[in-house]
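# A look at the structure
In case you want the letters, here they are:
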Amino acid sequence: MKLLIIRHADPDYAQDSLTNTGWREAELLAGRLTSEDVKAFYVSPLGRARDTASVTLDRMDREAEILPWLREFNPVILRDGIETIAWDWLPAEWTAIPEFYDRNLWHTVPVMRQGNVFEEYLKVTGGLDDVLEKHGYQRDGEIYRAVRASNETLVFFCHFGVECVMLAHLLGISPMVLWHGFCAAPASVTTLITEERREGAAAFRAVSFGDTSHLYAAGLKPSF
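Residues numbered from 1 in each chain as written. Predicted model: local features only at pLDDT ≥ 70, side-chain atom pairs only at ≥ 80, totals over all residues. Heavy atoms only, no water.

## A few points about the environment of lysine 2
Under the convention used in this document: Only DSSP runs of H or I reaching four residues or more are called helices, and only runs of E reaching two or more are called strands; each is numbered from the N terminus. Per-residue accessibility, obtained with a 1.4 Å probe over protein chains only, is compared with the maximum for each type, and a residue is labelled buried under 20%, exposed over 50%, and partly exposed between these values.
By the element assignment, lysine 2 lies in strand β1 (residues 2-7). We classify lysine 2 as partly exposed; its relative accessible area is 23%. Taking the C-alpha atoms as reference points, lysine 2 and leucine 154, 152 residues apart in sequence, are found 6.4 Å from one another.

## A closer look at the packing of helix α5 (residues 117-134) against helix α6 (residues 160-171)
Inclusion rule: Lines are fitted to the C-alpha atoms to define the axes, a helix being fitted only along its stretch in contact, and any angle between axes, read from their N-to-C directions, falls within 0 to 180 degrees. Oblique is the label for any angle not under 35 degrees, not over 145, and not in the 65 to 115 range, which are roughly parallel, roughly antiparallel and roughly perpendicular in turn. With the far helix as reference, a near helix turned anticlockwise by less than a right angle produces a left-handed crossing, and one turned clockwise produces a right-handed crossing. Contacts between residues were defined by any pair of non-hydrogen atoms, one from each residue, lying within 4.5 Å. Residues are grouped as follows: Ala, Val, Leu, Ile, Met, Phe, Trp, Tyr, Cys and Pro are nonpolar; Asp, Glu, Lys and Arg are charged; all remaining types, including Gly, are polar.
Across the interface, α5 lies against α6 with an axial gap of 10 Å and an inter-helix angle of 65 degrees. Judged by the inter-axis angle, α5 sits roughly perpendicular to α6. Considering the relative orientation of α5 and α6, their crossing is right-handed. Here Tyr121, Val124, Thr125, Leu128, Asp129 and Leu132 of α5 lie close against α6, whose contacting residues are Val162, Val165, Met166, Ala168, His169 and Leu170. Along the lines of polarity and charge, the residues of the contact of α5 with α6 split into nine nonpolar, two polar and one charged.

## Thoughts on the layout of surface pockets
Which entries qualify depends on this criterion: A 1.4 Å probe that fits but cannot get out identifies a cavity on a 1 Å grid over protein atoms alone, an open set with protein on both sides within 12 Å along at least five of seven lines counts as a pocket, and a residue lines either if it has an atom within 4 Å of a point. Grid points are joined across faces, edges and corners, and a volume is the space filled by probe spheres set on the points.
Looking at the largest pocket, its volume works out to about 160 Å³. Contributing to the lining of the largest pocket are Pro68, Trp69, Arg71, Glu72, Phe73, Asn74, Pro75, Glu120, Lys123 and Val124. Its residues assigned to classes, the lining of the largest pocket comprises five nonpolar, one polar and four charged.

## Examining α6
Think of an α-helix as 3.6 residues a turn; residues three or four steps apart then line up on the same face. This is how it is decided: Helix span, expected: 1.5 Å multiplied by one less than the number of residues in the helix.
The terminal C-alpha atoms of α6, which comprises 12 residues, lie 16 Å apart, in line with the 16 Å expected from a rise of 1.5 Å per residue. Here α6 lies mainly inside the structure; 11 of its 12 residues are buried. All buried positions along α6 are accounted for by Phe160, Gly161, Val162, Glu163, Cys164, Val165, Met166, Leu167, Ala168, His169 and Leu170. Immediately beyond the C-terminal end of α6, within one or two residues, lies glycine 172, with a positive phi of roughly 75 degrees.

## Digging into helix α1 (residues 20-33)
Taking 1.5 Å of rise per residue, 14 residues should cover 20 Å, and α1 covers 20 Å from first to last C-alpha, within 8% of that figure. Every buried residue of α1 is accounted for by Gly22, Glu25, Ala26, Leu28, Leu29, Ala30 and Leu33. Contacts from the buried residues of α1 go to β1, β3 (17-18), α2 (47-60), β10 (153-158), β11 (189-195) and α8 (213-216).

## So, unusual backbone geometry
In this structure, asparagine 116 takes a positive phi of about 55 degrees despite not being glycine. With respect to the secondary-structure elements, asparagine 116 resides in the loop between α4 (110-114) and α5.

## Thoughts on the environment of proline 98
The residue proline 98 is located in the loop between α3 (91-94) and α4 in this model. Linking proline 98 and valine 109, residues 11 residues apart in sequence, is a C-alpha distance of 9.7 Å.

## With respect to the side chain of threonine 125
What counts here: Polar contact is defined as a pair of N or O atoms within 3.5 Å, subject to the rule that within protein one atom must be able to donate a hydrogen and the other to accept it, and that residues adjacent in sequence are counted only when both atoms are side-chain atoms.
On the secondary structure map, threonine 125 appears in helix α5. Of note is the side chain of threonine 125, whose polar atom sits 3.3 Å from the backbone oxygen of leucine 122. Ignoring anything within four residues of it in the chain, the contact list for threonine 125 reads Val165 and His169.

## Considerations on the nonpolar core
One recurring pattern in soluble globular proteins: nonpolar side chains tend to sit buried together. The test is simple: Nonpolar cores were defined as sets of buried Ala, Val, Leu, Ile, Met, Phe, Trp, Tyr and Cys residues, with membership established by side-chain atoms within 4.5 Å.
Core analysis: the largest hydrophobic core is formed by 46 residues, its most contacted members being Leu3, Trp69, Phe73, Met112, Leu132, Phe156 and Met166. Apart from residues no more than four positions distant in its own chain, tryptophan 69 is found in contact with Lys123, Val124, Gly127, Leu128, Val131, Phe156, Val162 and Met166.

Okay, structure coming up:
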């Protein structure tokens, strides 16, 4: 199985749509995706992701299923009396907390507990596992059982924050490390494939993260 996780193109946040540059990025992205044999498309309910997907879907005459859990990951926490998105931290702040590096402890930090961040995390990971099981891959501890092994390609149009949550779950990494140590530009493509060297057992491996080669090939510098 192959997963393509795509961050929306350059956003117009005020209108929850795309900038002129974003629409150009979405066109170039569609040119890349039309060469893929895609089994199913999934998209965030937010406008900037749906607009990005629309260019590819129109060109391929396809439809995408809207998944509420693919919206941007934005639970709010309270730090020093100020409300902020759970993963918006300065480097000197989050790196000073050892638990944030541990995939099993990052959500136990008191400020995260108060913000119900882990509950929202589980909504995303549970939704992702439901989709994968629908396509033949069932979560079993830290790996997946290939109940119906295949070479299907699934495409997810979403957002950077939730992309990192998905990767944390699939690769066994604290999302804090991904949120702060990685950067996916608008209209970038992250690719994962399953490793299935033993029949019936699958684990996901990242082939590329935040790839924008389709933009560079057209002479367009990534917008972020």
